[in-house]
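# Coordinates in review
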Amino acid sequence: MTRTLDAAAVTRKALRQSLFVLVPLVVVAAVVGWFVVGPPGLWGALIGGAIAGSFLLITLVSVLLTAKAAPTVTGAAIMGSWLLKVIVIIVVLALMKDLTFYSKPVFGVVAMLAIVVVLAAETRVVLRAKMLYVDPDPSSSTGQSSVG
């Protein structure tokens, strides 16, 4: 028997899978950054993973929070959260540009890796989801009654 999922269940699963790949990536990157560059490598890995991960995961959270709402509300929440994230990331990166306590190369590499692995996890979940495209309940169809 194939189990079908609703959009909220798929989003929750995508959130779990994203965290499942993001956390180990950041931990390994932090250890590697520490051994390669020292403390700045550790901080670069932690900040890069946190910024990239939060940027992507906030979208999933906004979808979850508006899962029962109308599609236009969900779309507005996604677009609003995206705009807010872009503004925040521009401000944060502008404030961080002259700081020297973190490694910029490690930050960039970890941020890119985090984006790739989180998007890959989300894509995998969505592609494997068993979701119906039609309503299987015949009583909610066009109102035709069966003659019998």
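Please refer to the structure placed before this passage.
Here goes a summary of the coordinates provided. (Residues numbered from 1 in each chain as written. Predicted model: local features only at pLDDT ≥ 70, side-chain atom pairs only at ≥ 80, totals over all residues. Heavy atoms only, no water.)

The next subject is the overall build of the chain. Along the backbone of the chain there are four helices and zero strands. By the burial criterion, 30% of the 148 residues in the chain qualify as buried. With the model as given, the accessible surface of the chain reaches about 9900 Å², and the carbon-plus-sulfur share is 73%. (Helix = DSSP H or I, 4+ residues; strand = E, 2+ residues; numbered from the N terminus. Buried < 20%, exposed > 50% of the residue type's maximum accessible area, 1.4 Å probe, protein only. Areas by Shrake-Rupley, 256 points an atom, 1.4 Å probe, with all protein chains shown as cover.)

Here the focus is helix α3 (residues 71-96). In a regular helix each residue adds 1.5 Å, so 26 residues correspond to 38 Å; α3 covers 37 Å between its end C-alpha atoms and thus fits that length. Those residues of α3 that fall on the buried side of the exposure criterion are Thr74, Ser81, Lys85 and Met96. If you follow the buried residues of α3, they end up packed against α2 (39-65) and α4 (104-128). (Expected span 1.5 Å × (residues − 1). Contact = heavy atoms within 4.5 Å.)

This part is about the nonpolar core. Ranked by size, the top nonpolar core spans 15 residues in total, and within it Leu22, Leu57, Leu60, Ala114 and Val118 carry the most contacts. Looking at this core, the elements that each hand over two or more residues are α1 (7-37), α2 and α4. The leading source of residues in this core is α1, at six residues. Every residue in contact with alanine 114, bar those within four places of it in the chain, is listed here: Leu22, Leu25, Ala52 and Leu56. (Core = buried A, V, L, I, M, F, W, Y, C linked by side-chain atoms within 4.5 Å.)

Looking now at the packing of aromatic side chains. In this structure the tally under the stated criterion is three aromatic pairs. Their ring planes at 75° and their centres at 6.1 Å tell us that tryptophan 43 and phenylalanine 101 sit as a pair that is edge-to-face. Of the two residues, tryptophan 43 sits in helix α2 while phenylalanine 101 sits in the loop between α3 and α4, which places them 58 residues apart along the sequence. Judged by relative accessible area, which is 41%, tryptophan 43 ranks as partly exposed. Arranged with centres 5.8 Å apart and planes meeting at 65°, the rings of tyrosine 102 and phenylalanine 107 form a pair that is edge-to-face. (Phe/Tyr/Trp six-rings, centres within 6.5 Å; stacked < 30°, edge-to-face > 60°.)

Here we take up the environment of arginine 128. Structurally, the position occupied by arginine 128 is in helix α4. When the C-alpha positions of arginine 128 and valine 10 are compared, they lie 9.5 Å apart, and in sequence the two are 118 residues distant.

Turning to the side chain of threonine 11, a few remarks are in order. As for its placement among the helices and strands, threonine 11 is situated in helix α1. We classify threonine 11 as buried; its relative accessible area is 9%. Once you skip the residues sitting within four places of it in the chain, threonine 11 turns out to touch Leu60, Val63 and Leu64.

Here we take up a positive patch on the surface. Residues Arg12, Lys13, Arg16, Lys68, Arg124, Arg128 and Lys130 make up a contiguous surface patch of positive charge. Secondary structure elements with two or more residues in the positive patch: α1 and α4. Ranked by the residues each element gives to the positive patch, the list is headed by α1, at three residues. (Patch = residues over 30% accessible without salt bridge, like charges linked within 9 Å, V, L, I, M, F, W, Y side chains within 5 Å. Salt bridge = Lys/Arg side-chain N within 4 Å of Asp/Glu carboxyl O. Lys, Arg positive; Asp, Glu negative; His and termini not counted. Charge placed at Lys NZ, Arg CZ, Asp CG, Glu CD.)

A few words on the packing of α2 against α4. One way to put it is that α2 packs onto α4 with a least axis distance of 7 Å and a crossing angle of 30°. Helix-helix and strand crossings are classified by hand; for α2 and α4 the assignment is right-handed. Of α4, the residues touching α2 (which contributes Gly41, Gly44, Ala45, Ile47, Gly48, Gly49, Ile51, Ala52, Leu56, Leu57 and Leu60) are Val106, Phe107, Val110, Ala111, Ala114, Ile115, Val118, Leu119 and Glu122. A class-by-class count of the residues in the contact of α2 with α4 yields 15 nonpolar, four polar and one charged. (Axes fitted to C-alpha atoms, helices over the stretch in contact; angles between N-to-C directions. Left-handed = near helix turned anticlockwise from the far one by under 90°. Nonpolar A, V, L, I, M, F, W, Y, C, P; charged D, E, K, R; others polar.)

Time to look at the environment of phenylalanine 107. Among the structural elements, phenylalanine 107 can be located in helix α4. As for phenylalanine 107 and tryptophan 43, which are separated by 64 residues in sequence, their C-alpha atoms are 7.9 Å apart. Residues within four places of phenylalanine 107 in sequence aside, it is in contact with Gly44, Ile47, Gly48, Ile51, Leu93, Met96 and Tyr102.

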